[in-house]
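Topology and contacts: notes
Here is what each chain is made of, one letter per residue.
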Amino acid sequence: LLLIFVAFLIIFPFIWMVVTSFKTEADIRSFPPVLFSGNYSFDNYKNIWSRIPFLSYYKNTLIFAGGVTIVSLICDSMAGYAFARLHFKGRNLLFSMVLVTMMIPFQVIMVPLYSQLFHMKLLNTYLGLILPRATNAFGIFMMRQFFVTLPGGLEEAARIDGANAFQIYVRIMLPLCKPAMVTLVILFFTWSWNDYDNALIFINDKALYTINLGLVNFMDETGLKYSLIMAASVISILPIFIIFLVAQKYFIGGLTAGSVKG
């Protein structure tokens, strides 16, 4: 009963968002607010495409989130494999330094990061959005923990057959890490898709706006148009919802695997 109550508290805002997306602006602003008003239409979903270049914002967000996910997955899996299976001087110290970066808030590095991208002439570019998130300490930690749990006999057998470290990583280890990889895909894509701070700071060209920045444009002389914002929000969460439904069994396995052995 307690879990049902907590689940309801989590789901209720999404229910309110979906129902509100079909309401008129007058019904939304009525007081006291009610969940079901009785007057519904699809006009909000039709109007969002004409009010702002919503499709362009959708494309920009997809490029940003997809680029960050792919690059982070490659870099984090390679770093995680190195920390878990390769023996080199200072390995534990470097890994500790990586973990320390997880405790540094974004606000601390925001100004120097902006200055760095400015001098590299990467502001208002896709690369300028993707590069600062090209790797993630949590992703390195998770992949390292997963690689540690794999039996060492696999590497020994591959070395006997003449495989080098990179071949072992690509052909032997990565296929065994599917749950962890899928989990990181969901997490990285979700974090990037919902990102607002990076896009707000590094992008001022409206042609490169992401969905989160574009939602602010649903405004007129009367203020924010909540009906359009709710409709756009429903459409914006569909990719995350679909990805999670498709990969949820791997997501659960990836969160539970590799959490014991360090």
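Residues numbered from 1 in each chain as written. Predicted model: local features only at pLDDT ≥ 70, side-chain atom pairs only at ≥ 80, totals over all residues. Heavy atoms only, no water.

Details of the overall build of the protein chain
For clarity, the cut-off: Each helix is a run of DSSP H or I of at least 4 residues and each strand a run of E of at least 2, with the numbering of both proceeding from the N terminus. To sort residues, take the accessible area from a 1.4 Å probe on protein chains only and compare it with the maximum for the residue type: under 20% means buried, over 50% means exposed, and anything in between is partly exposed. Calculation of accessible area relied on Shrake-Rupley with a 1.4 Å probe; when residues are assessed, cover is drawn exclusively from the protein chains displayed. Asp and Glu count as negative and Lys and Arg as positive, but His and the ends of the chain are not part of the count. Charge placement uses NZ in Lys and CZ in Arg. For Asp and Glu, CG and CD serve respectively.
The number of helices and strands found in the protein chain is 15 helices and 2 strands. Oriented by its inertia axes, the alpha-carbon framework of the protein chain measures out at about 70 × 55 × 30 Å. Here the protein chain, with 262 residues, has 39% of them falling under the buried criterion. Within the structure as shown, the protein chain displays about 15100 Å² of accessible surface, and the carbon and sulfur contribution to it stands at 71%. Taking the average location of the 18 positive side-chain charges in the protein chain and that of its 12 negative ones, the two points are 8 Å from each other.

Examining a nonpolar patch on the surface
The criterion, for reference: The patches described consist of residues with a relative accessible area above 30% and no salt bridge, like charges being joined within 9 Å and nonpolar side chains (Val, Leu, Ile, Met, Phe, Trp, Tyr) within 5 Å. The salt bridge definition used is simple: a Lys or Arg side-chain nitrogen within 4 Å of an Asp or Glu carboxyl oxygen.
Where nonpolar side chains cluster on the molecular surface, the patch consists of Leu-2, Phe-5, Val-6, Phe-8, Leu-9, Ile-10, Ile-11, Phe-12, Phe-14 and Ile-15 and spans about 960 Å² of accessible area. With respect to the secondary-structure elements, Ile-11 resides in helix α1 (residues 2–20). The exposure class assigned to Ile-11 is partly exposed, which follows from its relative accessible area of 46%.

Regarding the packing of aromatic side chains
The relative placement of two aromatic rings is captured by the distance of their centres and the angle of their planes. The cut-off we apply is this: Any two rings among Phe, Tyr and Trp, with Trp reduced to its six-membered ring, count as a pair given centres within 6.5 Å; such a pair is stacked if its planes are under 30 degrees apart, edge-to-face if over 60, and tilted if neither.
Within the structure shown, the criterion is met by 19 aromatic pairs. Ring geometry for Tyr-81 and Tyr-169: centres 5.5 Å apart, planes at 45 degrees, overall tilted. Residue Tyr-81 is found in helix α4 (residues 54–85), and its partner Tyr-169 is found in helix α10 (residues 165–176); the two are separated by 88 residues along the sequence. Both residues of the pair, Tyr-81 and Tyr-169, count as buried. Summarising the aromatic geometry, the rings of Phe-189 and Trp-193 are spaced 5.4 Å apart at their centres and angled 25 degrees between planes, so their arrangement reads as stacked.

Side note on the state of the cysteines
Selection rule: The rule for a disulfide is simple: a pair of cysteine sulfur atoms within 2.5 Å.
As enumerated under the stated definition, the model contains 0 disulfides in all. In this structure Cys-75 is a free cysteine whose sulfur lies 16 Å from that of Cys-177, the closest cysteine sulfur available.

A short note on the environment of Ile-130
Inclusion rule: By the convention used here, residues are in contact when the closest approach between their heavy atoms is within 4.5 Å.
By the element assignment, Ile-130 lies in helix α7 (residues 126–130). Each C-alpha atom of the pair Ile-130 and Thr-69 lies 9.1 Å from the other, and the pair is 61 residues apart in sequence. Apart from the residues within four sequence positions on either side, Ile-130 is in contact with Ile-63, Phe-64, Gly-67, Val-68 and Val-71.

Some thoughts on the pattern of salt bridges
Once their charged atoms are close, side chains differing in charge can pair, the charge on each being opposite to the other. Evaluation of the coordinates by the stated rule reveals 2 salt bridges. In this structure, Asp-195 engages Arg-133 in a salt bridge whose closest nitrogen and oxygen atoms are separated by 2.7 Å. Of this pair, Asp-195 sits in the loop between α11 (178–193) and α12 (197–202) while Arg-133 sits in the loop between α7 and α8 (137–148), and the two are 62 residues apart along the sequence. Residue Asp-195 shares its accessibility class with Arg-133, and that shared class is buried.

So, the side chain of Thr-210
Mapped onto the secondary structure, Thr-210 falls in the loop between α12 and α13 (211–214). Here Thr-210 falls in the buried class, since its relative accessible area comes to 2%. Ignoring anything within four residues of it in the chain, the contact list for Thr-210 reads Tyr-57, Thr-61, Phe-64 and Ala-199.

Brief notes about the nonpolar core
The criterion, for reference: To qualify as a nonpolar core, a set must consist of buried Ala, Val, Leu, Ile, Met, Phe, Trp, Tyr and Cys residues joined through side-chain atoms within 4.5 Å.
Counting residues in each nonpolar core, the largest one holds 35 residues, and the members touching the most others are Ile-48, Phe-54, Trp-193, Ile-211 and Phe-218. Among the secondary structure elements, those contributing two or more residues to this core are α3 (43–51), α4, α6 (106–119), α7, α11, α12, α13 and α14 (226–236). Broken down by element, this core gets its largest block of residues, 7 residues, from α14. For Ile-211, the residues in contact, after removing those within four places along its chain, are Phe-54, Tyr-57, Tyr-58, Thr-61, Trp-193 and Ser-236. Met-143, Val-148, Met-173 and Cys-177 belong to the second largest nonpolar core, which has 18 residues in total.

Things to note about unusual backbone geometry
In the Ramachandran plot, Lys-121 falls in the positive-phi region, its phi being about 60 degrees despite a non-glycine side chain. Among the structural elements, Lys-121 can be located in the loop between α6 and α7. If you check the backbone angles, Asn-124 has positive phi at about 60 degrees while not being a glycine. With respect to the helices, strands and loops of the structure, Asn-124 is situated in the loop between α6 and α7.

Fair warning: the whole summary comes from geometry, so function is off the table for now.
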